[in-house]
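Close look at the chain arrangement
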Amino acid sequence: MPELLPDSQEAGGENASEPSLEEGGGTPVETLPEPQRVVDPTRPMVALTFDDGPHAVYTDQILDILEEHGAVATFFEVARNLPKAPEAVRRAADMGCEIGSHTQNHADLVKADADTFRQQIQQADENILKAIGRYPYFLRPPYGDFNDDVRRHVGKPLAFWSVDTKDWKTRNTACTVSAALNNIEDGDVVLMHDIYGETADAVAQIVPSLVQQGYQLVTVSELASYRGGMIPGRSYSQFRPA
């Protein structure tokens, strides 16, 4: 994994150009979704995020845990996987979870040519629209790999993370729990993957522990909406309180 920005602010600085619809993937740039739940902006918040799904079994297991604790999360879907678990994706959206794009085929956008880049964004957007009735607001580039060209042409905010559990590497429940809970702070965005059973088992410990510690488990958009918002073409990894 490449090293990411150490804070939540944009990668390009104040003079970073904002992409136009013509520059981007060709789908409408949606506004930041309004929070759908009661969130207390004075209390600490954390956004749990899950990449590479959906999974026909483990996504629902994670949703069960979130629902039990009145929590939500953000799922960055590889759109080619949507037919594997369409009910889970709709359930997540109906629960108030957020669905973001992780491209159509988990393509490395930095290495993609112009046509492939455009197809990866547009196809994912259209398939997510079919699945939940709206376009994804933001994109998480596969492998965390991006450059100025990606930022300039993607037409969406780029959502990264501040806590990497490395669940894809360890495939170990205890390691994932420790990585998620150690040194967690208000405004963190936690990276996991909902395609592993070990991760689903870890979530069963992580969610109640964070709730017990007083954290509100919110979507990335909810977190951003109370901490300064997001701008298309800029990258964000955390949202600290002012």
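For the structure, see preceding data.
Keep in mind that what you see is a predicted model, and the values were worked out from it rather than measured.

Structurally, Arg171 is set in the loop between α5 (167-170) and α6 (173-181). Measuring from C-alpha to C-alpha, the distance between Arg171 and Gly197 comes to 8.5 Å, with 26 residues separating the pair along the chain. Dropping the residues within four chain positions of it, Arg171 is found in contact with Tyr196 and Glu198. In terms of polar contacts, Arg171 uses its side chain to reach the side chain of Glu198, at 3.5 Å.

Across all of its chains, the model carries 13 salt bridges by this definition. Between Asp64 and Arg91 there is a salt bridge, with its nearest N and O atoms 2.6 Å apart. Note that Asp64 is positioned in helix α1 (residues 58-68) and Arg91 in helix α2 (residues 86-95), a separation of 27 residues in sequence. A relative accessible area of 41% means that Asp64 is categorised as partly exposed.

In this section: the packing of α6 against helix α7 (residues 197-212). Where α6 contacts α7, the axes come no closer than 8 Å and their chain directions differ by 35 degrees. Regarding α6 and α7, the two cross each other, and that crossing is right-handed. Here Thr173, Thr176, Val177, Ala180 and Leu181 of α6 come into contact with α7, specifically with Glu198, Asp201, Ala202, Gln205, Ile206, Ser209 and Leu210.

Turning next to the environment of Pro232. Its location among the elements puts Pro232 in the loop between α8 (220-226) and β8 (235-236). Considering only alpha carbons, one finds Pro232 and Arg152, 80 residues apart in sequence, at a separation of 8.7 Å.

On to the pairing of strand β6 (residues 189-193), then. For β6, the tally of buried residues reaches five of five residues, placing the bulk of the element in the interior. By the alternation rule, side chains of β6 split into Val189, Leu191 and His193 and Val190 and Met192, which are all buried. When strand β1 (residues 45-51) meets β6, the two strands line up parallel, connected through five bridges. Bridging across to β6, Leu48 finds its partner in Val190. Relative to β6, strand β5 (residues 163-164) is paired through two bridges, and the arrangement is parallel. Note on β6: the bridge partner recorded for Asp164 is Leu191.

The rules behind these values
Residues numbered from 1 in each chain as written. Predicted model: local features only at pLDDT ≥ 70, side-chain atom pairs only at ≥ 80, totals over all residues. Heavy atoms only, no water. Helix = DSSP H or I, 4+ residues; strand = E, 2+ residues; numbered from the N terminus. Contact = heavy atoms within 4.5 Å. Polar contact = N/O pair within 3.5 Å; in protein donor to acceptor, adjacent residues only side chain to side chain. Salt bridge = Lys/Arg side-chain N within 4 Å of Asp/Glu carboxyl O. Buried < 20%, exposed > 50% of the residue type's maximum accessible area, 1.4 Å probe, protein only. Axes fitted to C-alpha atoms, helices over the stretch in contact; angles between N-to-C directions. Left-handed = near helix turned anticlockwise from the far one by under 90°. Pairing = 2+ DSSP bridges.

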